[in-house]
Amino acid sequence: MRWPLLLLLSLLLAPPAAGPQAAEVSRTAQILFRLKDANQWRAHVMVVAHRTGWKENGRIVRPENSLEAIRNAIALGAEMIELDVRQSAEGTLVLMHDDFLDRTTTCRGETATTPLAVLKTCHLVIEGTGRATGETVPTLEEVFAVTKGQILVNIDNKLTPDILPRVAALARAKGMAQEILIKENLWNETRISEAKSLIATVGPDVTFLPILADDAVHEAGFMARATAATGAPAAELVHWHVDGTPLTADGGPLFSAKARAAAIRGNWHLWANTYPIVNRAPGPQAGGRGDELAIREGRFAESWGFWIDRGATILQTDEPKALIAWLEQNGYRIPYDLTN
């Protein structure tokens, strides 16, 4: 397979390995090379499994924010999982999307006021069927034990930004600070300055990504400043879709020719979100061209393919299995070296 020049040089110039494992290049290291050198890897589309990858063919088949879903995303070959972080009554970092436990577990009550010992009796359920599984609410530390060296972790922080240094410290203690990504919405220069302060607090070994939405960001110059100021290798882009309007015809300002040129100049990825939002029209963050269009109607080229045609090299989806299969069938994936 084709390796970036810097990686080849680093391997050639590295000191002799201390043992057989010292020369191994983990899968997360390979993903990071592709993430941080967008221009070298624009022929490959990365996949992010939203809520750790809980759906298949429009159906919820495993618990969201679960170790089961994470292991499945790794087996599928996704590059990242997206997960939601909250804390228990004692402050232990746990995976949970909602304020309350009711929707996704067998327990009731507020996550933040529930002791960890109780959370460990709360079984995750498969939403829709309500079937309880054998897995209880996982801690972030348990997640890191599964993901280390296997898949990057995209942190969706459901609390205030001051929790992120703790997330980073936990990852750093596990020797995997580079394997997590944190993010914040940016829409003006003040927000860029606040992001820079956050990065200084969290530490430079953690990857930061800006979220840019086209209800506030309309020009490529701001996209370039936001990514350059934060050292971001990608920008998560949202093209809002108004209910009842036609599918986007051009992808909006964040996927314009100028935006793509800015990404090439800055060597960063355009990231499109195609997963649905509850009680919203299909494709709410993707101009109507989301997972529903692909899965329900079989219009893959008009959904996932549309964003790839406009420069997207990272797609965040609820359908990692179907997306990876379609990407491979259409030549949008370059295999990783998994012989190590």
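Cut-off values and rules
Residues numbered from 1 in each chain as written. Predicted model: local features only at pLDDT ≥ 70, side-chain atom pairs only at ≥ 80, totals over all residues. Heavy atoms only, no water. Buried < 20%, exposed > 50% of the residue type's maximum accessible area, 1.4 Å probe, protein only. Helix = DSSP H or I, 4+ residues; strand = E, 2+ residues; numbered from the N terminus. Pairing = 2+ DSSP bridges. Phe/Tyr/Trp six-rings, centres within 6.5 Å; stacked < 30°, edge-to-face > 60°. Lys NZ or Arg CZ within 6 Å of the ring centre and 35° of its normal. Contact = heavy atoms within 4.5 Å.

Side note on the pairing of strand 1 (residues 46-49)
Across the two faces of strand 1 the burial is the same, with M46 and V48 and V47 and A49 all buried. Sheet analysis places strand 1 next to strand 13 (residues 312-317), joined by 4 bridges and oriented parallel. Among the inter-strand pairings, V48 is bridged to a residue of strand 13, identified as Q316. Alignment of strand 1 against strand 4 (residues 80-87), held across 2 bridges, turns out to be parallel. Across the sheet, residue A49 finds its bridge partner in strand 4, namely I81.

Concerning the packing of aromatic side chains
The final tally for this structure, using the stated rule, is 5 aromatic pairs. Pairing F255 with W307 gives two aromatic rings, centres 4.8 Å apart and planes at 55°, and the pair type is tilted. With F255 in the loop between strand 11 (234-238) and helix 9 (257-266) and W307 in helix 11 (residues 304-309), the pair connects residues that are 52 residues apart, well separated along the chain. For the pair shown, F255 and W307 are each scored as buried. Grouped by ring-pair contacts, the aromatic residues F300, W304, W326 and Y332 constitute a single cluster. A cation sits over an aromatic face here: R34 above Y336, 3.7 Å from the ring centre. Just above the ring of F306 sits the side chain of R289; from NZ or CZ to the centre is 4.1 Å.

Side note on the environment of L95
Tracing the chain through its elements places L95 in strand 5 (residues 93-95). The class for L95 is buried, based on a relative accessible area of 1%. Excluding its chain neighbours within four sequence positions, the residues that come into contact with L95 are N65, L83, D84, V137, P138, T139, L140 and V143.

Any functional reading would require information that these geometric values do not contain.
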